[in-house]
Amino acid sequence: MPTMNVNVVTPDGTVFDGDVDMVSVRAQSGELGILPGHIPLVAPLSVESVRLKKGSATDILAVSGGFVEVRPDRVTILAEAAEKPEDIDVERAQEAKRRAEERLQRAKQDDIDFKRAQLALRRANTRLKVAKN
Ligand code: ATP
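Cut-offs used in this document
Residues numbered from 1 in each chain as written. Predicted model: local features only at pLDDT ≥ 70, side-chain atom pairs only at ≥ 80, totals over all residues. Heavy atoms only, no water. UniProt positions renumbered as here; feature names shortened; annotations may be inferred. Helix = DSSP H or I, 4+ residues; strand = E, 2+ residues; numbered from the N terminus. Buried < 20%, exposed > 50% of the residue type's maximum accessible area, 1.4 Å probe, protein only. Polar contact = N/O pair within 3.5 Å; in protein donor to acceptor, adjacent residues only side chain to side chain. Contact = heavy atoms within 4.5 Å. Near = heavy atom within 4 Å. Areas by Shrake-Rupley, 256 points an atom, 1.4 Å probe, with all protein chains shown as cover. 1 Å grid on protein atoms, 1.4 Å probe; cavity = no way out; pocket = protein on both sides within 12 Å on 5 of 7 lines; lining within 4 Å. Sits in = over half its atoms within 2 Å of the grid points. Nonpolar A, V, L, I, M, F, W, Y, C, P; charged D, E, K, R; others polar. Pairing = 2+ DSSP bridges. Points joined across faces, edges and corners; volume = space filled by probe spheres on them.

As recorded in an unreviewed UniProt entry, the protein goes by the name ATP synthase epsilon chain, listed as coming from Alteribacillus iranensis. Here the protein is described in UniProt, under the heading Sequence similarities (unreviewed entry), as follows: "Belongs to the ATPase epsilon chain family."

Colleague: Explain the side chain of Glu 48 to me, and be specific about the residues and the numbers.
Modeller: Here Glu 48 is to be found in strand β6 (residues 48-54). A residue is classified by how much of its surface remains accessible, and Glu 48, at 15% relative accessible area, is buried. In terms of polar contacts, Glu 48 uses its side chain to reach the side chain of Ser 49, at 3.2 Å. If sequence neighbours within four positions are ignored, Glu 48 has contacts with Arg 26, Leu 61, Ala 62, Val 63, Thr 126 and Lys 129.

Colleague: Which residues make up the side chain of Ser 24, and what are the values?
Modeller: Along the polypeptide, Ser 24 turns up in strand β3 (residues 22-27). Of the residues examined, Ser 24 reaches a relative accessible area of 16% and is grouped as buried. Those residues within four positions of Ser 24 in sequence are excluded, and the remaining contacts are Glu 31, Leu 32, Gly 33, Ser 49, Val 50 and Arg 51.

Colleague: I'd like a description of the site of the ligand, backed by residues and values.
Modeller: Every residue close to the ligand is listed here: Asp 12, Ala 81, Glu 83, Asp 87, Ile 88, Asp 89, Arg 92, Ala 93, Ala 96, Arg 99, Arg 123 and Arg 127. Asp 12 is positioned with one of its side-chain polar atoms (N or O) 3.0 Å from an oxygen atom of the ligand. Within the contact set of the ligand, an oxygen atom lies 2.6 Å away from a side-chain nitrogen or oxygen of Arg 123. Summarising the interface, the protein chains cover 68% of the accessible area of the ligand, which totals 590 Å² for the free molecule. When atom positions are compared with the pocket grids, the ligand is found to occupy the largest pocket. Those elements that place two or more of their residues in the shell around the ligand are β8 (74-83), α1 (90-106) and α2 (112-131). For the shell around the ligand, the element with the highest residue contribution is α1, accounting for 4 residues. Looking at the shell around the ligand residue by residue, the class counts come to 4 nonpolar, no polar and 8 charged.

Colleague: Outline the pairing of strand β2 (residues 13-20), supporting the account with residue identities and numerical values.
Modeller: Pairing between strand β1 (residues 4-10) and β2: 7 bridges, direction antiparallel. The partner of Thr 10 across the bridge, within β2, is Gly 13.

Colleague: Mind laying out the layout of surface pockets, listing which residues take part and the relevant values?
Modeller: One number sums up the size of the largest pocket: a volume of about 400 Å³. Forming the walls of the largest pocket are 16 residues, and the residues nearest its centre are Arg 92, Ala 96, Arg 99, Arg 123 and Arg 127. Among the secondary structure elements, those contributing two or more residues to the lining of the largest pocket are α1 and α2. Its residues assigned to classes, the lining of the largest pocket comprises 6 nonpolar, no polar and 10 charged.

Shown next, in the form of structure tokens:
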């Protein structure tokens, strides 16, 4: 069974480096399932979980934006932030969610603050989902 090397890198360092069978990411154009031998591409990522499948095990990471670069034998994810479930501070994410929801109620929809709060809420919800895994 062919595998590919996956590297998840953030400004703070490498969060994941290993060989997997399949990577699932949410690109801004939609869900992307990447198998070894995939055609090369570069795509911007949404704030979402990334799934890394190896045999019967699946690792999950919370990834906050950035880019995925696919090559036939290698996938690189350059993310603004990425966390493993065990590294997620659930209370912090709950607090960030609460703040973002409060701001969404106050800000007008076309306001820059509204968009920032929407993104902050998405980061918090992704972290809470991944932490439950
Ligand atoms: P907060 O408002 O709690 O800082 P945020 O979404 O604004 O959340 P980011 O800007 O995405 O935070 O991340 C800043 C740094 O803090 C990154 O290194 C990220 O991995 C880390 N981080 C953010 N939230 C959490 C969390 N709940 N648990 C662990 N690390 C976190």
